[in-house]
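Coordinate inspection notes
One letter stands for each residue in the lines below.
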Amino acid sequence: MTSFFTQYIIYASLYFKVTGSELYLFEPNTFTVKFNCFLFFICLHVVFSCHAQNAENCLHEGNIKASLGDDAGAIAAYSSCIENGQGTDELYRARGRIYYRSRAYKNALADFSYYLGKNKYSADTTIILRHIYSKLKLNDYSGAEAEIKRYLNAGYVSDSLNYIEAARLYFLKQYQESVSYFDKAIQMAGNKANYYADRAFAKMGMEDTAAALADAEMAVHINPRDSYSQFVLSFIHNYCGDYEAAFDHIDEAIYLDPFDADYLNMRGNIFDKSGKKEEAIIQYNKAIELDSMSAVFYSNRADVYVDLDDTAKALQDVLNGLRLDSTIDPLYNTYGRILQSQARYKEAIPMYQQAITLDTNEAVYYNNLANIYSNLEDYKTAIPIFLKAIALDSSNGDYYYDLADAFEELEDYDEAISNSLLAIKYDNTDEYHYSQLGRLYQQIGEYSKGLVVVNEGLQRLPESSRLCFRQGHLYEEVDDLSNAILSYSRAIIRDSTNSDAYFRRAYCFEIKGNSSVAVDDYTRYISLDSTDADAYNNRGMIYNKLQQYELAITDLNKALLLSPDDPIVYDNRGDAYSGLHQYEEALSDYERCLILAPDNCNPHYGMGMIYVKMKDLQKACFHFNEAVRLGCEEAVDKVRERCE
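Summarised in this report is the structure supplied together with it. (Residues numbered from 1 in each chain as written. Predicted model: local features only at pLDDT ≥ 70, side-chain atom pairs only at ≥ 80, totals over all residues. Heavy atoms only, no water.)

This part takes up the state of the cysteines. Enumeration over the complete set of coordinates arrives at two disulfides. Each sulfur of the disulfide joining cysteine 621 and cysteine 643 lies 2.0 Å from the other. A torsion of -100° about the S-S bond marks the disulfide between cysteine 621 and cysteine 643 as left-handed. A residue pair is termed long-range when its members are at least 10 positions apart, and cysteine 621 in helix H35 (residues 617-629) and cysteine 643 in the segment after helix H36 (634-642) qualify at 22 residues. Exposure remark for cysteine 621: the relative accessible area of 12% places this residue in the buried category. For cysteine 643, a relative accessible area of 24% translates into the label partly exposed. (Disulfide = S-S within 2.5 Å. Helix = DSSP H or I, 4+ residues; strand = E, 2+ residues; numbered from the N terminus. Buried < 20%, exposed > 50% of the residue type's maximum accessible area, 1.4 Å probe, protein only.)

Okay, structure coming up:
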């Protein structure tokens, strides 16, 4: 069948040929052709009128939906005409703008390319910029560069193209060069808020926070109703830890443009950084409701889910994000964190390695990978990776802290202490850093230095339960049990769930002979941690001293369930059975202790005492002599009394 367009060409050709001849109008063959041509042009006019009307209706409907934030509905409206062959340049332009806003850059690029192919240099600047920017977002940097040069060579909107070239260089992380192009754009058009706002981001890349803040404030000054400028200013305040100001500006951005999912995502980021994780999740949920195609939003929410120990939801978000965009490096980092939290260390390694492959300059990825090797006790592999993280970010105290831990495990205390000092230098607000250095000095016996460090930490962080605990432990080392008890008590006041403080205070009370208070502290400790065999064993020992042998046996049985091969527990239970005159059970426990720890003198002494009671002096003397041989001084008197 002849196509509509082909018929149009045929009849148009005949019409112009016939009307230009000398044939009469009523001559049959000429009349027929002319009449057919006449009818055709009437139909053609009607068809094109309907076509134009339909396109106008599609455009109108789509524009209304777009203004209401219904991006999917707008795209469907524009597409209804385009897919039926009724698309106009303006429909492609409008649909491209919505795709662009929705971050569907591949689709946006196709529509903008079509539009610009028809309009070339008559297109407005916004479309040209978005066309090039879509290439940038699709990592087509060479294609974007070619487009920029093409328009610059044509002498077209040079301030805007300087701006987009600055954006291209920013994506390539060439921040200094990017700033220079922003400078050119601002020199040519200094009243555009977005130029200052984006230059602020480039200056952030150069770590010039003060200059970035000045640019963002200038952007807001130029146009306080520009939501993007408010967003950038919020971003910088959040980075600087000024969360109140960050919230003020992001709330203003959302008020000005409630349908921009990026702004809700930013609000989630502020909640996250300020420690309000649940509120962050709510904001990320809202952002994803508006834009379910952003891998970044899923990545951010996944990271917070990991912080909340909800690894199932975190993993689902990571997988959703990777399906949308497998080039988002934070997704692999978060995947690594999930696997690390599940002690799946070897599986986490390729996740962190992939994150590093996608961004070789992100220090935290190296630090996380190094921590995996530390988890695997491969400290020699971990240390060079920690050093790479520090080379990229030399002012992060946590990196020095982790490196110090690795050196400590290798018993290289000089390096451990050196890096722990740097951890405090770069972050003197972290209790872990002071506690680590105090512990390191404790390890090498320099208790006075340890106390100086911990006391300095408590001056800065007086409410730190952890530092009070470390202080108490150092006092223990110098046999100052009274001050140790005071320090542990302060630790408990500051944090009633500090189980270690109860344990150590119980031990101090036990040494000082305050058995009943020691029992109370061990009981509190066990209520916080019922899986520690040592606590049951220690409380059982005190019950033995108090001659509460049945309570002792109950505790020592629990200790053996948790640690079935601990010889000390068998020795202590032997003492308890002996106190109850259950000599067979006692002898069995003492023998078990000697099998596990043949150099332990205590079971021999206990067995000697039992055989004395059983009036078997030969066996009693044998065990007393063995006890003396192994260093049990109290057995010496028994040998003198009964065996000489």
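Okay, back to it.
Take the packing of aromatic side chains next. A complete count under the given rule lists 19 aromatic pairs for this structure. Ring centres of tyrosine 163 and tyrosine 195 lie 4.8 Å apart, and the angle between their planes is 15°; this geometry places the pair in the stacked category. Separated by 32 residues along the polypeptide, tyrosine 163 in helix H8 (residues 158-171) and tyrosine 195 in helix H10 (residues 193-205) bring together distant segments of the chain. Note on accessibility: tyrosine 163 and tyrosine 195 belong to one class, buried. Considering the side-chain rings of phenylalanine 201 and phenylalanine 231, the 6.5 Å spacing of their centres and the 55° angle between planes classify their relative orientation as tilted. On the criterion of sequence distance, the pair formed by phenylalanine 201 in helix H10 and phenylalanine 231 in helix H12 (residues 227-239) is long-range, its members being 30 residues apart. Stacked on the ring of tyrosine 181, the Lys or Arg lysine 184 has its end atom at 4.4 Å from the ring centre. (Phe/Tyr/Trp six-rings, centres within 6.5 Å; stacked < 30°, edge-to-face > 60°. Lys NZ or Arg CZ within 6 Å of the ring centre and 35° of its normal.)

Below, the discussion takes up the nonpolar core. Counting 177 residues, the largest nonpolar core has Tyr78, Leu91, Ile132, Phe231, Val232 and Ile250 as its most contacted members. Of the residues forming this core, the biggest block, eight residues, is contributed by H10. Aside from chain neighbours lying at most four places away, what touches valine 232 is Ala197, Ala200, Phe201 and Ala216. (Core = buried A, V, L, I, M, F, W, Y, C linked by side-chain atoms within 4.5 Å. Contact = heavy atoms within 4.5 Å.)

Across the interface, helix H28 (residues 499-511) lies against helix H29 (residues 515-528) with an axial gap of 8 Å and an inter-helix angle of 160°. In terms of axis orientation, H28 runs roughly antiparallel to H29. Of the two elements, H28 crosses H29, and the hand of that crossing is left-handed. Counted together, Ser499, Asp500, Tyr502, Phe503, Arg505, Ala506, Tyr507, Phe509 and Glu510 of H28 and Val517, Ala518, Asp521, Tyr522, Arg524, Tyr525 and Leu528 of H29 form the full contact between these two elements. For the contact of H28 with H29, a count of residues per class yields ten nonpolar, one polar and five charged. (Axes fitted to C-alpha atoms, helices over the stretch in contact; angles between N-to-C directions. Parallel < 35°, antiparallel > 145°, perpendicular 65-115°, else oblique. Left-handed = near helix turned anticlockwise from the far one by under 90°. Nonpolar A, V, L, I, M, F, W, Y, C, P; charged D, E, K, R; others polar.)

We now examine the environment of serine 435. Tracing the backbone shows serine 435 in helix H24 (residues 431-443). Sequence separation between serine 435 and glutamine 471 is 36 residues; the distance between their C-alpha atoms is 8.8 Å. Aside from chain neighbours lying at most four places away, what touches serine 435 is Arg466, Leu467 and Arg470.

Between the first and last C-alpha of helix H27 (residues 481-494) there are 20 Å, a value that for 14 residues agrees with the 20 Å anticipated at 1.5 Å per step. Within H27, the full set of buried residues consists of Leu481, Ala484, Ile485, Ser487, Tyr488, Ser489, Ala491 and Ile492. Its buried side turned inward, H27 meets helix H26 (465-477) and H28. (Expected span 1.5 Å × (residues − 1).)

What follows is about the pattern of salt bridges. Tallied over the full model, the rule gives 30 salt bridges. The residue aspartate 303 makes a salt bridge to arginine 337 at a minimum N-O spacing of 2.6 Å. Note that aspartate 303 is positioned in helix H16 (residues 295-307) and arginine 337 in helix H18 (residues 329-341), a separation of 34 residues in sequence. The partly exposed category is assigned to aspartate 303, whose relative accessible area is 23%. For glutamate 476, the salt bridge goes to arginine 504, with nearest N and O atoms at 2.6 Å. Taken together, the residues glutamate 476 in helix H26 and arginine 504 in helix H28 connect sequence positions 28 residues apart. Owing to a relative accessible area of 11%, glutamate 476 belongs among the buried residues under this scheme. (Salt bridge = Lys/Arg side-chain N within 4 Å of Asp/Glu carboxyl O.)

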